[in-house]
Amino acid sequence: MTLAFVSGILTLVLLAKLAVAGGTYTLSDVIVGEDFYDAFNFEAIPDPSNGRVNYVDSATAQRLGLTVATANSFIMRADDTTVLSPTGPGRNSVRIRSNNEYTTHVAVFDMNHMPEGCGTWPAVWETLEADWPDSGEIDIVEGVNNMSPNQVHLHTGPNCSIPSSINQLGTVLTTDCNAAVNYNSGCGSALSYAPNSFGPAFNAAGGGWYALERTDNYISVWFWDRNNWLTPADVRLGSPIVDTSLWGTPAAFFPNTDCDLATHFGPNNIIIDLTFCGDWAGSAAVYSASGCPSTCIDYVNNNPQAFEAAYFQFASIRIYE
């Protein structure tokens, strides 16, 4: 029996143990309805991804109806009435960043709807903007131009990667997490087993739950659609205590076998945003492959009615630590 063979067996055993790992976490924050205004900062900033977007502040968002809070939901959307001047600002939209920062934690996003439409690039993610990518980035929900399925990625500094074979439900797309290489594609997976994990199919199913568990040993992301009978009871009910060891195989799993997560990830904020076109959705090859008409910029400029469904609707966000 060769040393390489033994080493390979040990690695597989470690991955198997990590994949069934988990822990018990206690509810530390519940964000519902009006709570979003207190829990998040509205970032009226130039879009770092070069999108055809104009992020507005909280007062403007509320005045224009781009955010609406009720007793049990929070909606954040883009403008769907204005034809844009080719030389003017981009389409009004919203980008919010949590006031709190998180390290080891679980975040459960109960979502009824996510933005859809050609040219859209919605994302739910975690990072520390002032120290990107050295404090890491976790993309929990992300995709473009209605192209399902959802993709889950990490972006880090150098010397961080994931194995090409992992005990998860998703399909590994890329393994090098270094943001400085491969056009910042990061390392991650597509939820190819769940076509209703993103865009119109997600909305048609009534939404669902995304959950993140971040530790120094692994990072896991789960997805359950609204009618999935396998959704854990503590997730479905918003319990005060959750046990991730009972949640089953994650959609995406990032072990620390080839990446020291403790040094590649620092305190992170939650960020939720909707941009248009930009570096990914607006790439000529990507936009064309999606089957969308015209060019991304021209379509976004001239078709406001196409963005009536370009909105997030959150029932809640629950944080456990």
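You'll find the structure just up there.
To keep things clear, this report deals only with the structure shown in the data block. (Residues numbered from 1 in each chain as written. Predicted model: local features only at pLDDT ≥ 70, side-chain atom pairs only at ≥ 80, totals over all residues. Heavy atoms only, no water.)

1. A few points about the layout of surface pockets
Sizing a probe to match a water molecule and rolling it over the atoms shows the empty space that remains. Estimates place the volume of the largest pocket at around 750 Å³. Around the largest pocket, the lining comprises 27 residues; the ones closest to its centre are S49, W121, E137, E142 and N184. Among the elements of the structure, β9 (120-127), β10 (137-142), β11 (151-155), β12 (171-174), β18 (269-276) and α7 (278-281) are those that each provide at least two residues to the lining of the largest pocket. Along the lines of polarity and charge, the residues of the lining of the largest pocket split into nine nonpolar, 10 polar and eight charged. Roughly 220 Å³ of internal volume is contained in the second largest pocket. Lining the second largest pocket are 15 residues, and of these L169, Y193, F223, W224 and N228 lie nearest its centre. Per-class residue counts for the lining of the second largest pocket are 10 nonpolar, four polar and one charged. (1 Å grid on protein atoms, 1.4 Å probe; cavity = no way out; pocket = protein on both sides within 12 Å on 5 of 7 lines; lining within 4 Å. Points joined across faces, edges and corners; volume = space filled by probe spheres on them. Helix = DSSP H or I, 4+ residues; strand = E, 2+ residues; numbered from the N terminus. Nonpolar A, V, L, I, M, F, W, Y, C, P; charged D, E, K, R; others polar.)

2. Observations concerning the state of the cysteines
Applying the stated criterion to the full structure yields four disulfides. Covalently, C160 is tied to C259 through a disulfide, its sulfur atoms 2.0 Å apart. Between C160 and C259 the sulfur-sulfur dihedral comes to about -95 degrees; the bridge is accordingly left-handed. Placement of the pair is C160 in the loop between β11 and β12 and C259 in the loop between β17 (252-255) and α6 (261-264), with a sequence separation of 99 residues. On the accessibility criterion, C160 (4% relative accessible area) is buried. For C259, a relative accessible area of 3% corresponds to the buried category. What pairs with C177 in a disulfide is C187, and their sulfur atoms sit 2.0 Å apart. The chirality of the disulfide connecting C177 with C187 is right-handed, given an S-S dihedral of about 85 degrees. Taken together, the positions of C177 in the loop between β12 and β13 (187-190) and C187 in strand β13 put the pair 10 residues apart, joining distant regions of the chain. As far as burial versus exposure is concerned, C177 and C187 are alike and both buried. Of note for the chain: the bonded cysteines, numbered N- to C-terminal, pair according to 1-7, 2-5, 3-4, 6-8. (Disulfide = S-S within 2.5 Å. Buried < 20%, exposed > 50% of the residue type's maximum accessible area, 1.4 Å probe, protein only.)

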